Amino acid sequence: GESVGLHLPTLSVQEGDNSIINCAYSNSASDYFIWYKQESGKGPQFIIDIRSNMDKRQGQRVTVLLNKTVKHLSLQIAATQPGDSAVYFCAETRGGADGLTFGKGTHLIIQP
Amino acid sequence: SQTIHQWPATLVQPVGSPLSLECTVEGTSNPNLYWYRQAAGRGLQLLFYSVGIGQISSEVPQNLSASRPQDRQFILSSKKLLLSDSGFYLCAWMGNIGAKYEKLFFGSGTQLSVL
């Protein structure tokens, strides 16, 4: 099933601006969250992850925020570039062999 | 380093024909392996996963089956394709088995069109 959902199917931002992609999850038992980037016709690529004992984690130009109280996850991309144009998926798991549960994805469009 | 290979990249098949998609992983042993399907405008749906040779878990009842004849080989099959089997199929492996929190690494996908 798809217990992880995204608020906006499409997000359009100006090049150079910051992007914020949101995700709501329904399984309060989930304790590990991942953001993936999928370019057209390709497989998803790992961007950043966060465990439930954290509320923020930073990578290169990306930050993931986790609010367990409202079961909300967000991905922030700083200084958005044309190469950031893709579909972004959040995923959740409680750990275990059955892998990850994915949301529907948000298509990030970069305006020049 | 680990790599995952998936083929073919694109496949057009008539309704009622058989299907065989293959996935292999290199650079790791005894990985967990997964088949996902992605319909247009939707997320990834888990179809099958395997924790070892000959061990297959099915997540949804369907027209498809999976097999793992070798440690690093995962095959998705169908005896008779349906129109509803069209989609983007992704193979993935899970890294660092033994840790509770692990991410999936995906292949490049197969776009299947059933006509």
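Before reading on, note that the structure itself is shown above.
All values reported here derive from a predicted model rather than from experimental measurement.

### With respect to the pattern of salt bridges
Using the criterion set out here, one finds six salt bridges over all chains in the structure. Notably, a salt bridge pairs Glu 39 of chain A with Lys 42 of chain A, separated by 4.0 Å at the nearest N-O pair. A relative accessible area of 46% means that Lys 42 of chain A is categorised as partly exposed. Note that Asp 85 of chain B and Arg 37 of chain B form a salt bridge whose closest N and O atoms lie 3.8 Å from each other. Of this pair, Asp 85 of chain B sits in the loop between strand E8 (73-78) and strand E9 (87-94) while Arg 37 of chain B is found in strand E4 (residues 32-38), placing the two residues 48 residues apart along the sequence. Here Asp 85 of chain B falls in the buried class, since its relative accessible area comes to 3%. Each of Asp 49 and Arg 57 of chain A together with Lys 103 of chain B takes part in one network of salt bridges that share partners.

### Quick notes on the interface of chain A and chain B
At the interface, 24 residues of chain A touch 22 residues of chain B. Taking both partners together, chain A and chain B bury about 1900 Å²; carbon and sulfur atoms supply 59% of that area. The interface formed by chain A and chain B contains one salt bridge. The shortest N-O distance in the salt bridge between Lys 103 of chain B and Asp 49 of chain A comes to 3.7 Å. Where chain A meets chain B, there are three residue pairs in polar contact (both at pLDDT 80 or more).

### Side note on unusual backbone geometry
Along the chain, Trp 7 of chain B connects to Pro 8 of chain B via a cis peptide bond; the corresponding omega equals 0°. Examined against the element boundaries, Pro 8 of chain B turns out to sit in the loop between strand E1 (3-7) and strand E2 (10-13). A positive phi angle, close to 55°, is found at Lys 71 of chain A, a residue other than glycine. Along the chain, Lys 71 of chain A turns up in the loop between strand E7 (62-67) and strand E8 (72-77).

### Notes on the packing of aromatic side chains
The tally for this structure, following the rule as stated, stands at eleven aromatic pairs over all chains. Pairing Phe 102 of chain A with Tyr 36 of chain B gives two aromatic rings, centres 5.5 Å apart and planes at 85°, and the pair type is edge-to-face. One end of the pair, Phe 102 of chain A, is in strand E10 (residues 101-102); the other, Tyr 36 of chain B, is in strand E4, on a second chain. Relative accessible area serves as the criterion here: at 0%, Phe 102 of chain A is assigned to the buried category. Among the residues examined, Tyr 36 of chain B registers a relative accessible area of 0% and is labelled buried. Look at Trp 35 of chain B and Phe 74 of chain B: their rings are 6.2 Å apart centre to centre, the planes differ by 25°, and that puts the pair in the stacked class. On the criterion of sequence distance, the pair formed by Trp 35 of chain B in strand E4 and Phe 74 of chain B in strand E8 is long-range, its members being 39 residues apart.

Parameters and conventions
- Residues numbered from 1 in each chain as written.
- Chains lettered and ligands numbered in written order.
- Predicted model: local features only at pLDDT ≥ 70, side-chain atom pairs only at ≥ 80, totals over all residues.
- Heavy atoms only, no water.
- Salt bridge = Lys/Arg side-chain N within 4 Å of Asp/Glu carboxyl O.
- Buried < 20%, exposed > 50% of the residue type's maximum accessible area, 1.4 Å probe, protein only.
- Helix = DSSP H or I, 4+ residues; strand = E, 2+ residues; numbered from the N terminus.
- Contact = heavy atoms within 4.5 Å.
- Buried area = accessible area lost by both parts, 1.4 Å probe.
- Polar contact = N/O pair within 3.5 Å; in protein donor to acceptor, adjacent residues only side chain to side chain.
- Phe/Tyr/Trp six-rings, centres within 6.5 Å; stacked < 30°, edge-to-face > 60°.

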